[in-house]
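# Residue-level structure breakdown
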Amino acid sequence: MNWTAFRTAVPELAGIAEERFGAHRHHVLATLRRDGSPRTSGLEVRFLDGELWLGMMPRSLKALDLLRDPRFTLQANPGDGADPGSGDIRVSGRAYEVGESAAKAAYVKEVEPPQPFHLFRTELTEVVRTYVEDDRYLVVQVWQPGEPLRTFKRA
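Structural notes, computed from the coordinates.

A separate point is the overall build of the chain. Helix and strand counts for the chain come out as 4 helices and 9 strands. Counting from the amino terminus, helix and strand elements in the chain follow one another as α-α-β-β-β-β-α-β-β-α-β-β-β. The C-alpha atoms of the chain give a radius of gyration of 16 Å, which matches the 15 Å a tight globule of 155 residues would have. Considering only C-alpha atoms, the chain reaches an extent of 50 × 35 × 30 Å along its principal axes. The buried share of the chain, taken over its 155 residues, is 38%. Contacts spanning at least 24 positions in sequence make up 55% of the contacts within the chain whose residues lie at least 6 apart. Per element, the accessible surface of the chain, about 8,700 Å² overall, is 50% carbon and sulfur. The average position of the 21 basic charges and that of the 22 acidic charges among the side chains of the chain differ by 6 Å.

If you want it as structure tokens, here you go:
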């Protein structure tokens, strides 16, 4: 399930997620270390050609983590101040390295990253949005492939 399929399934949530990730340059990536414990790292992300791409420095620890175990969670930067805006966005899935290919060449042309680098294509397993409604309710929206968007409200 790539970003295009997610956008087709729940366009409003996908639009909000793209807005949140586009509002700031750096976000937080969680990967799994060799011993299974979590590692968090800063990361820039790109939405290009219907995909959510993760680019990384060569042999960075986060890249080595993903090469060993592709599971990840990506948290959008919440921004400055106490106003969460349209809410927190978290994307989970699996990331697979893209070798030399037309897709990587297109990414290089568009982004112009420092060379060499790792490029990962993502497959989504969950997208979660958490926000406050009417200064009264905590609302959690959860999307998973093949399932309808679920919404939970707490007073």
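All right, on to the packing of aromatic side chains then. One pass over the full model with this rule turns up 6 aromatic pairs. Taken together through their ring pairs, the aromatic side chains of Trp3, Phe6, Phe21, Phe47 and Trp143 make up a single cluster.

By the alternation rule, side chains of strand E2 (residues 38-43) split into Arg39, Ser41 and Leu43, which are all buried, and Pro38, Thr40 and Gly42, of which none is buried. Bridge count for strand E1 (residues 27-32) against E2 is 6 bridges, and the pairing is antiparallel. Paired with valine 28 across the strands is glycine 42, a residue of E2.

A separate point is the pattern of salt bridges. Evaluated as defined, the whole model comprises 10 salt bridges. The residue glutamate 18 makes a salt bridge to arginine 7 at a minimum N-O spacing of 2.7 Å. With glutamate 18 in helix H2 (residues 11-22) and arginine 7 in helix H1 (residues 3-9), the pair connects residues that are 11 residues apart, well separated along the chain. Accessibility expressed as a relative area gives 33% for arginine 7, which makes it partly exposed. The salt bridge partner of glutamate 100 is lysine 104, with a shortest N-O separation of 3.5 Å. Exposure remark for glutamate 100: the relative accessible area of 74% places this residue in the exposed category. Bridged by salt links that share partners, the residues Arg25, Glu44 and Arg46 form one connected network.

Our focus in this paragraph is unusual backbone geometry. With an omega dihedral of -15°, the bond running from glutamine 115 to proline 116 counts as a cis peptide bond. For proline 116, the position within the fold is in the loop between helix H4 (102-111) and strand E7 (118-133). The phi dihedral of aspartate 49 is positive, around 50°, even though this residue is not glycine. Within the secondary structure, aspartate 49 sits in the loop between strand E3 (45-48) and strand E4 (51-56). One non-glycine residue, glutamate 112, lies in positive phi territory at about 55°. Relative to the helices and strands, glutamate 112 resides in the loop between H4 and E7. Glutamate 112 sits in the exposed class, given a relative accessible area of 65%.

How each quantity is defined
- Residues numbered from 1 in each chain as written.
- Predicted model: local features only at pLDDT ≥ 70, side-chain atom pairs only at ≥ 80, totals over all residues.
- Heavy atoms only, no water.
- Helix = DSSP H or I, 4+ residues; strand = E, 2+ residues; numbered from the N terminus.
- Rg over C-alpha atoms; globule rule 2.2 N^0.38 Å.
- Buried < 20%, exposed > 50% of the residue type's maximum accessible area, 1.4 Å probe, protein only.
- Contact = heavy atoms within 4.5 Å.
- Areas by Shrake-Rupley, 256 points an atom, 1.4 Å probe, with all protein chains shown as cover.
- Lys, Arg positive; Asp, Glu negative; His and termini not counted.
- Charge placed at Lys NZ, Arg CZ, Asp CG, Glu CD.
- Phe/Tyr/Trp six-rings, centres within 6.5 Å; stacked < 30°, edge-to-face > 60°.
- Pairing = 2+ DSSP bridges.
- Salt bridge = Lys/Arg side-chain N within 4 Å of Asp/Glu carboxyl O.

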